[in-house]
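The lines below spell out each chain.
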Amino acid sequence: MIIRSFLTFVIFGLVSFTAMGDDFIPVWNVGDLARIESFQSTRKLVGTHYFYWYSYPQSHFFDNAAQTDDALQDHFPVSEAVSYNSATWHAKEIEDCVEAGIDFILPVYWGVVDNYFRNGIFFSVRGLGPLQWAIEQREREGKPSPKIGLFYDTSTLLPGIRGVEGRSEKYDLTTAEGKDIFYRTIRDFFYQIDPKHWACIEGRPIVVFYSSAFAKKHNQSTIDYVYARFQKDFHGVRPYIIKDSSWSFSVDAVTQWGAALGGPNVFDSVVQIGAGYNDSAVPGRSTPIRDREQGDFYRLNWIGALNSDAKIALIETWNEMHEGTDICESKEYGRLYIELTKEYGARFKRNEKTDETIVLKHPDLLPRPASNEGVEYKDVASVRITLGDPIQSEGIKLTRGQPDGPVKTASFDGVPCIVTVEAANSYMYFSVVDPFYFDDELSLTLTYTYWDNGFDWHAPQYDSHDRNATLNGAYKTAPQVLCGHTKRWIDSTVNLRDARFVNRQNGASDFRFAVSNGSLAIKEITISKDSSIE
């Protein structure tokens, strides 16, 4: 045998393993894997995504070097006690997970193979040792703990995050290089976790994938390679893989991120749920806000879980404080969401169904039935709106009253119009009557006339079928239009080949115009059905 490379890798003093070219000496032996404690496939389970990248004050608390700009939307009760290096902090979170009835946690793993200790990334390997120490201390005290699965944050496939210099293109997961990087991320996580802590279903460790959008390409051979290599390196053990719905290959189960904003995502085996969403504390974000409504939005999500046939409920998230999706104890909500999880999780595990109803004050982004309003536009070829004072709506309506979309009447070159309020980022929202188009798959043409002055760029963003686009496709961005500063009215046409239009944008809108640095004036919009576009 020719030894092409030799690497001894030690992580936090926990485990070490040796690689020799293509031949890999497994860390865990058959006896180690015999200590796996599995959940039965018939048992209903509750899991949650566990963010452990925090270490006060340096890591993920502030977004400036001076540590004065707090980047968190929600806050831990005692920030100074929070650190991925602290077994005491992990132990407190684990204790609360048990109180909430959580069966397994999914550490949100940012381990990047070949560059584990890169600045900003090393928390992923360093934090897993203290987490397990906390669990083992509880075990010595006779206390239960949730098991540990893997949430593979696939954004770590991007070369920039991996620290690869001079490379911008995404990895092709159908190539030998891409498959190897994809698989080793999974393998190395489970080499760091003692098998007795693995979250397993019938002896198979749980792996959950984030979106496929961070890979250039993938196919069935990608996941077949993962299954085969895992079984080789772990003595025949096959992982239980739950994929984001954007992946095209076949695995054990399917889920979809985004429930914390858009409501429960229900699939055959898994239902994903969330408590609310608000990332306004993070610089540069313009994601819509999902108000928690004193817990009612979370209750609504759980009702969807109770009435599903899913065996696993995945919660977004235990403690993602930047995006305000947390259910852990916080300064803002105390232990409310721990108590709600305990209550509804127990009902879920009892296979309880319910006719309980929740009426939200802000139902935006939730699935809803089509409205019959505007039935006169059901069979027409196009709808339009003329903007000015007054506005003439013929199947398209201007959506007023959105916090990020204030507009006003104006006139340019003697032509009345509607203009966004000048800002670094602003929006103008519109809805299309449902009888004209609702959750269909026809090709549409968007034509609009804008005043070419007063902004850097603008772009239409529309509710689409593209699950890789923002918020499961609710905000898919068309190509940007740069300002030419011609001070003329310009006609622009955009082909919408995958429009969905199910009222998922703010204010139950179907599309909006995003504006950068300035204001955008529009005088007319037309949307036409065009079955000839392919």
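Structure's up top.
In this text, all values refer to a predicted model and were calculated from it rather than measured experimentally. Along each chain, residue indices are assigned from 1 in the same order as the chain's sequence is written. For a predicted model such as this one, the threshold for reporting local features is a pLDDT of at least 70, and the threshold for listing and counting side-chain atom pairs is 80 or more; totals across whole chains, interfaces and linings nevertheless cover every residue. The basis for every side-chain value is the complete set of heavy atoms in the structure, and neither hydrogens nor water enter the calculation.

Asker: Teacher, can you tell me more about the nonpolar core here?
Answerer: To form a nonpolar core, buried Ala, Val, Leu, Ile, Met, Phe, Trp, Tyr and Cys residues must be joined to one another through side-chain atoms within 4.5 Å. Only protein chains enter the calculation, and the probe is 1.4 Å; a residue is then buried if its accessible area is under 20% of its type maximum, exposed if over 50%, and partly exposed in between. Core analysis: the largest hydrophobic core is formed by 98 residues, its most contacted members being Tyr54, Phe209, Phe234 and Trp302. To qualify as a helix, a DSSP run of H or I must reach at least 4 residues; to qualify as a strand, a run of E must reach at least 2; elements of each kind are numbered from the N terminus. The dominant element in this core, judged by the number of residues it contributes, is helix H6 (residues 176-192), at 7 residues. If you look at the next biggest cluster of nonpolar residues, it comprises 35 residues, including Val383, Phe436, Ala478 and Phe511.

Asker: Can you walk me through empty space enclosed by the protein in this structure?
Answerer: Empty space among the atoms becomes apparent when a probe as large as a water molecule is rolled across them. A pocket, in this scheme, is an open set of points on a 1 Å grid over the protein atoms alone with protein on both sides within 12 Å along at least 5 of 7 lines, while a cavity is a set where a 1.4 Å probe fits but cannot get out; residues line either one if an atom lies within 4 Å of a point. Grid points are joined across faces, edges and corners, and a volume is the space filled by probe spheres set on the points. Considering all chains together, one arrives at 2 cavities of 30 Å³ or more under this definition. Approximately 40 Å³ is the volume attributed to the largest cavity. Forming the walls of the largest cavity are His49, Phe151, Val208, Phe209, Tyr210, Asp244, Thr255, Gln256, Trp257 and Gln272. Put simply, Ala, Val, Leu, Ile, Met, Phe, Trp, Tyr, Cys and Pro go in the nonpolar bin, Asp, Glu, Lys and Arg in the charged bin, and everything else, Gly too, in the polar bin. In terms of residue class, the lining of the largest cavity is made up of 5 nonpolar, 4 polar and 1 charged. Approximately 30 Å³ is the volume attributed to the second largest cavity. Around the second largest cavity, the lining residues are Gly111, Val112, Val113, Tyr152, Thr156, Leu157, Arg162, Ile181 and Thr185.

Asker: What's the story with the layout of surface pockets in this structure? I'm lost.
Answerer: Reported here for the largest pocket is a volume of approximately 930 Å³. Put simply, the parts of the chain that give the lining of the largest pocket at least two residues each are helix H8 (259-262) and helix H11 (470-473). The element best represented in the lining of the largest pocket is H11, accounting for 3 residues. Classifying every residue of the lining of the largest pocket gives 16 nonpolar, 12 polar and 8 charged.

Asker: I tried to follow unusual backbone geometry on my own but got confused; where do I start?
Answerer: One can expect most non-glycine residues to show negative phi and most peptide bonds to be in trans. A cis amide bond links tyrosine 56 with the next residue in sequence, proline 57, at an omega value of -5°. If you trace the backbone, proline 57 turns up in the loop between strand E5 (45-50) and helix H2 (87-100). At the junction of aspartate 389 and proline 390, the peptide bond is cis and its omega measures out at 10° in the coordinates. Within the secondary structure, proline 390 sits in the loop between strand E16 (382-386) and strand E17 (392-394). Even without being a glycine, glutamine 294 presents a positive backbone phi close to 55°. A relative accessible area of 63% places glutamine 294 in the exposed class.

Asker: Is there a simple way to explain the state of the cysteines in this structure?
Answerer: Note on terminology: a disulfide is the covalent bond linking the sulfur atoms of two cysteines. Count a disulfide wherever a pair of cysteine sulfur atoms falls within 2.5 Å. Applying the stated criterion across every chain, the model contains 0 disulfides. Looking at cysteine 200, it has no disulfide partner, and the nearest cysteine sulfur is the one in cysteine 97, 18 Å off. Lacking any disulfide linkage, cysteine 483 is separated from the closest cysteine sulfur, that of cysteine 417, by 14 Å.

Asker: It is not clear to me how the packing of H2 against helix H4 (residues 128-140) should be interpreted in this structure. Could you clarify?
Answerer: The description of two packed helices rests on the angle between their axes and on the distance between the axes. Lines fitted to C-alpha atoms define the axes, with helix axes restricted to the stretch in contact, and inter-axis angles between N-to-C directions lie between 0 and 180 degrees. It is at 8 Å that the axes of H2 and H4 come closest, and there the two elements cross at 60°. Classified by the interaxial angle, the pair formed by H2 and H4 is oblique. As for how H2 packs across H4, the hand of that crossing is right-handed. On the side of H2, the interface is formed by Ala87, His90, Ala91, Ile94, Glu95 and Val98, while H4 contributes Pro130, Leu131, Trp133, Ala134, Ile135 and Arg138. Here the residues of the contact of H2 with H4 sort into 9 nonpolar, 1 polar and 2 charged. Should an angle fall under 35 degrees it is called roughly parallel, over 145 degrees roughly antiparallel, and 65 to 115 degrees roughly perpendicular, with every other angle called oblique. Left-handed describes a crossing whose near helix is turned anticlockwise from the far helix by less than a right angle; the clockwise case is right-handed. The contact criterion used is simple: two residues touch if any of their non-hydrogen atoms lie within 4.5 Å.

Asker: Would you take a moment to explain the pairing of E16 for this structure?
Answerer: Along any regular strand, the residues point their side chains to alternate faces of the sheet. With burial as the criterion, only one face of E16 is covered, namely that bearing Val383 and Ile385; the residues Ser382, Arg384 and Thr386 on the opposite face remain uncovered. Here E16 pairs with E17 via 2 bridges, running antiparallel. What sits directly across from threonine 386, in E17, is glutamine 392. Strands pair, by our definition, only if DSSP identifies at least two bridges between them.

Asker: Could you clarify how one ought to interpret the environment of isoleucine 385 in this entry?
Answerer: Mapped onto the elements of the fold, isoleucine 385 is located in strand E16. Once residues lying within four places of it in the same chain are set aside, the contact partners of isoleucine 385 are Ile391, Gln392, Ser393, Ile396, Lys397, Leu398, Phe430, Lys523, Glu524 and Ile525.

Asker: Got a minute to help me understand the pairing of strand E23 (residues 457-462) in this structure?
Answerer: Counting buried residues in E23 gives 5 out of 6 residues, a clear majority hidden from the surface. As defined by bridge partners, E23 adjoins strand E27 (residues 511-518) across 6 bridges and the pair is classed as antiparallel. What sits directly across from proline 460, in E27, is phenylalanine 513.

Asker: What's the story with the environment of threonine 222 in this structure? I'm lost.
Answerer: Among the structural elements, threonine 222 can be located in helix H7 (residues 220-233). Taking the relative accessible area as the measure of exposure, threonine 222 reaches 0% and is therefore buried. Sequence-distant contacts of threonine 222, defined by excluding residues within four places in its chain, comprise Leu173, Thr174, Lys179, Phe182 and Phe249.

Asker: Would you take a moment to explain the pattern of salt bridges for this structure?
Answerer: Pairing between side chains of opposite charge can happen when their charged atoms approach one another. By salt bridge we mean one thing: a side-chain nitrogen of Lys or Arg within 4 Å of a carboxyl oxygen of Asp or Glu. On inspection of all chains with the given rule, the structure shows 38 salt bridges. Ionic pairing is found between arginine 43 and aspartate 103, a salt bridge with its closest N-O pair at 3.1 Å. In this pair, arginine 43 sits in the loop between strand E4 (38-39) and E5 while aspartate 103 sits in the loop between H2 and strand E6 (104-109), placing the two residues 60 residues apart along the sequence. On the basis of relative accessible area, arginine 43 is assigned to the partly exposed category, the value being 40%. Residue classification places aspartate 103 among the buried positions, given a relative accessible area of 9%. For arginine 187, the salt bridge goes to aspartate 188, with nearest N and O atoms at 2.7 Å. For the pair arginine 187 and aspartate 188, one class covers both residues: buried. Among the charged side chains, a network of salt bridges with common partners joins Glu343, Arg347, Arg350, Glu352 and Glu356.

Asker: For this particular structure, what's the right way to read the packing of H2 against helix H10 (residues 336-349)?
Answerer: Contact pair H2 / H10: the axes reach a minimum separation of 7 Å and the direction vectors enclose 40°. Relative to H10, H2 is oriented oblique. Across the interface between the two elements, Asp96, Glu99 and Ala100 from H2 touch Ile338, Glu339, Thr341 and Lys342 from H10. Along the lines of polarity and charge, the residues of the contact of H2 with H10 split into 2 nonpolar, 1 polar and 4 charged.

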